Amino acid sequence: MNKPFVLITGASNGIGLELAFTFARNGHSMVLVARNEAKLQELQTTLTSKYGVEVYTLALDLGKPEAAETLFAFTQQNQLHIEWLVNNAGFGDFGLFHELDWNKQEQMIAVNITTLTHLCRVYSAQMVQHKSGRILNVASTAAFQPGPTMAVYYATKAYVLHFSEAIQNELAPFGISVTALCPGPTESGFQAVASIEETKLVKGKKLPTSKEVAEYGYKAMMKGKAVAIHGMQNYLMANSVRLTPRSIVVKLVRWIQGV
Ligand SMILES: NC(=O)c1ccc[n+]([C@@H]2O[C@H](COP(=O)([O-])OP(=O)(O)OC[C@H]3O[C@@H](n4cnc5c(N)ncnc54)[C@H](OP(=O)(O)O)[C@@H]3O)[C@@H](O)[C@H]2O)c1
C-alpha cells in the first residue's frame, strides 16, 4: 500500500493549522486544503523544512458543490493514500436568522455539512476497501442544543455530531473509527468571521488555544473515541443539557449569546 497521508481541511488558520502542526510533529505527511493559497504554501514550506514530512496543498473553496469531487480527484491523481481524514473547515454567523445574509447561511451549510458529508462518503469507501482508516469531524459544543442568534451554525454542528456518531457505528466493523471533536469557544479566527467578538460567550474570557484543542483532537482520533468534548466545563455543560427542559435551554443559550 502507498504511504499514508492525512487530509486536513481548513488548514490555513486556527484549529486546522494547529492540527497540521500536530500531525507533522508526529511524523505524518499531509494534504492541506483551504481557500488561502499563500497561507497554505507558507505552511507547506515550514512543515517540510521543520519536520521533514511531505506536504501537498490545494487551494479550494469547500462551499462549491463540486469541491469534494475535485479534492478526491486531486488525491487520486497524485496517488495519495488517505488514511486519516480531518474535516475541520467551517464557520458561523451571528444575528437574527430572518435578518442574516442568505448566501452566507447557504455557504455555511455547504461547507459545514454538504462537503464534510461528501468527503466522508468518498474517503470512507476507500477506507472500507483497505479495512483501515480514521475520520475526525470537527463539530462543536454548539452541537448539543439549539442556538438562537446563531441558529444555522448550531444546527449544522448538531448534524455533524449525529452524522459522525451514526457512521462511527456503521464503519467500526470495518476497522475504521470516526471521532466528533466538540470544542467550546477557542482562540482562533472563528470569532471575527462569525461576528461574535462582543458576545458574553467570548468577550473578556480566556479561551483555550487552537493548539490545545488540536492536540486533544489528535489524541482522541488516534484512540478512536466517538465523541470528544474538549474541557471539563464544556463536558459538564454539554451533558447537563440532557436533564434540563428544552424551553429553558434555548432561553439560556440566547442569554449567553447576548451582547
Ligand atoms: N473557534 C471556536 O470557538 C470553535 C468552537 C467550536 C468549533 N469550532 C469549529 O472548528 C473548526 C475550525 O474553526 P477555527 O476556530 O479554527 O476557525 P478559523 O480560524 O476561522 O479557521 C477556519 C478554517 O476553515 C477554512 N474555511 C472556511 N471556509 C472555507 C471554505 N469555504 N473553503 C475552504 N476552507 C474554508 C479557513 O480557511 P480559508 O479562509 O483560507 O478558506 C480556515 O482555515 C470549524 O469547523 C469551527 O466551526 C470552532
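Parameters and conventions
- Residues numbered from 1 in each chain as written.
- Predicted model: local features only at pLDDT ≥ 70, side-chain atom pairs only at ≥ 80, totals over all residues.
- Heavy atoms only, no water.
- Near = heavy atom within 4 Å.
- Polar contact = N/O pair within 3.5 Å; in protein donor to acceptor, adjacent residues only side chain to side chain.
- Nonpolar A, V, L, I, M, F, W, Y, C, P; charged D, E, K, R; others polar.
- Buried < 20%, exposed > 50% of the residue type's maximum accessible area, 1.4 Å probe, protein only.
- Helix = DSSP H or I, 4+ residues; strand = E, 2+ residues; numbered from the N terminus.
- Pairing = 2+ DSSP bridges.
- Right-handed = clockwise from strand over helix to strand, strands pointing away.
- Salt bridge = Lys/Arg side-chain N within 4 Å of Asp/Glu carboxyl O.
- Core = buried A, V, L, I, M, F, W, Y, C linked by side-chain atoms within 4.5 Å.
- Contact = heavy atoms within 4.5 Å.

Novice: Would you mind going over the site of the ligand with me for this structure?
Specialist: The local shell around the ligand holds 30 residues, among which S12, R35, N88, Y153 and S188 are the closest. I15 places a polar main-chain atom, nitrogen or oxygen, 2.8 Å from an oxygen atom of the ligand. The backbone of G189 places a nitrogen or oxygen atom 2.8 Å from an oxygen atom of the ligand. Here the residues of the shell around the ligand sort into 13 nonpolar, 14 polar and three charged.

Novice: Sorry, what's going on with the pairing of strand β2 (residues 29-34) here?
Specialist: Moving residue by residue along a regular strand, the side chains alternate between the two faces of the sheet. Counting buried residues in β2 gives six out of six residues, a clear majority hidden from the surface. Residues S29, V31 and V33 point to one face of β2 and M30, L32 and A34 to the other, with burial holding for every one of them. Note: strand β1 (residues 4-9) against β2, five bridges, orientation parallel. Bridging across to β2, L7 finds its partner in V31. A crossover links β1 with its parallel partner β2, the connecting element being helix α1 (residues 14-25), and its sense is right-handed. When β2 meets strand β3 (residues 55-59), the two strands line up parallel, connected through five bridges. The residue of β3 that forms the bridge with M30 is V55. Each parallel crossover has a hand, and for β2 linked through helix α2 (residues 37-51) to β3 it is right-handed.

Novice: Where do I start with the pattern of salt bridges in this structure?
Specialist: Side chains bearing opposite charge may pair, as long as their charged atoms lie close to each other. Scanning all chains against the criterion turns up five salt bridges. In this structure, E54 and K3 form a salt bridge, with 2.7 Å as the shortest nitrogen-oxygen distance. Of this pair, E54 sits in the loop between α2 and β3 while K3 is found in the segment before β1, placing the two residues 51 residues apart along the sequence. Under the relative-accessibility criterion, E54 is labelled partly exposed at 34%. Between K203 and E198 there is a salt bridge; the shortest N-O distance is 2.9 Å.

Novice: How do you make sense of the nonpolar core when you look at a structure like this?
Specialist: For soluble globular proteins, the rule of thumb is that nonpolar side chains tend to be buried together. Counting 49 residues, the largest nonpolar core has L7, V31, V33, L62, L71, L85 and Y123 as the members making the most contacts within it. At the level of elements, β1, β2, α3 (67-77), β4 (81-87), α4 (102-130), α5 (151-171), β6 (176-182) and α9 (246-256) are the ones that each hand at least two residues to this core. Setting aside residues no more than four positions away along its own chain, V31 makes contact with F5, V6, L7, I8, Y56, F74, T75, L80 and I82. Membership of the second largest hydrophobic core comes to 28 residues, among which are L19, L47, L136 and A228.

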